[in-house]
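Spelled out from the first residue to the last, the chains are:
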Amino acid sequence: MEALVARAQRGDPDAVEQLVDDLAPYLGRICASIALDGGEDALQETLIIIISNLRSLREPAALRGWARTIAVREAVRIARRHSIAVDPSALDTVASADNEFTGVDVRQVLAQMPPHHRAVLVLRELEGLSEAEAAQVLGVSLGTIKSRSARARDAFRRRWTA
């Protein structure tokens, strides 16, 4: 991957295309989890920023972390821009035929949460980042991450069990 990044930084269009193809699914999941319906917009903005600033990346091995940071920030920005009031009755939990919860259920619960809470949950629970790493990605203090994380988990739990 590092050789591919180096080629892309030198302006090799094939390397840039391959890099985008490699990163898009990973970043798309992050953007969709945070920005929800604005996920595609967030992914597009993320990829534009990555391509535009690729030459500024000093350490090619840090590409995924750098790209993740950009994706989270763009997804939160897009989610805030697209934020609308959610009608809870429109998000009734739908159980599958065998009475187990589905990914749609999780998405419905997440849709009821503010973008900064979704971002913390994605980084901590899905990406497995520590509180310190999540704070760095979001550009906030460790204390802020701790409080957001606790609030987001409590809110998710309350909505999930309601």
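Overview of the structure. (Residues numbered from 1 in each chain as written. Predicted model: local features only at pLDDT ≥ 70, side-chain atom pairs only at ≥ 80, totals over all residues. Heavy atoms only, no water.)

### Comments concerning the layout of surface pockets
Each pocket or cavity is described by its volume, and for the second largest pocket that value is around 190 Å³. What lines the second largest pocket is simply V106, L110, L121, V122, E125, L126, R153, F156 and R157. Within the residue set of the lining of the second largest pocket, elements represented by two or more residues are α5 (103-111), α6 (115-126) and α8 (142-161). Ranked by residue count, the leading element in the lining of the second largest pocket is α6, at four residues. Across the lining of the second largest pocket, the residue classes break down as six nonpolar, no polar and three charged. (1 Å grid on protein atoms, 1.4 Å probe; cavity = no way out; pocket = protein on both sides within 12 Å on 5 of 7 lines; lining within 4 Å. Points joined across faces, edges and corners; volume = space filled by probe spheres on them. Helix = DSSP H or I, 4+ residues; strand = E, 2+ residues; numbered from the N terminus. Nonpolar A, V, L, I, M, F, W, Y, C, P; charged D, E, K, R; others polar.)

### Description of the pattern of salt bridges
Within this structure, the stated rule accounts for five salt bridges. Between R68 and E127 there is a salt bridge; the shortest N-O distance is 3.7 Å. Placement of R68 in helix α4 (residues 63-82) and of E127 in the loop between α6 and α7 (131-138) is noted, with a sequence separation of 59 residues between them. Judged by relative accessible area, which is 25%, E127 ranks as partly exposed. In this structure, the salt-bridge partner of R157 is D154, at a minimum N-O distance of 3.2 Å. (Salt bridge = Lys/Arg side-chain N within 4 Å of Asp/Glu carboxyl O. Buried < 20%, exposed > 50% of the residue type's maximum accessible area, 1.4 Å probe, protein only.)

### Observations concerning the nonpolar core
Nonpolar side chains in soluble globular proteins tend to end up buried together. Core analysis: the largest hydrophobic core is formed by 38 residues, its most contacted members being L19, L27, I34 and V72. Those elements that provide at least two residues to this core are α1 (2-9), α2 (13-35), α3 (39-53), α4, α6 and α7. The residues contacting L19, other than those within four sequence positions of it, are M1, L4, V5, A8, L54 and L63. Core analysis: the second largest hydrophobic core is formed by five residues, M113, L121, A152 and A155 among them. (Core = buried A, V, L, I, M, F, W, Y, C linked by side-chain atoms within 4.5 Å. Contact = heavy atoms within 4.5 Å.)

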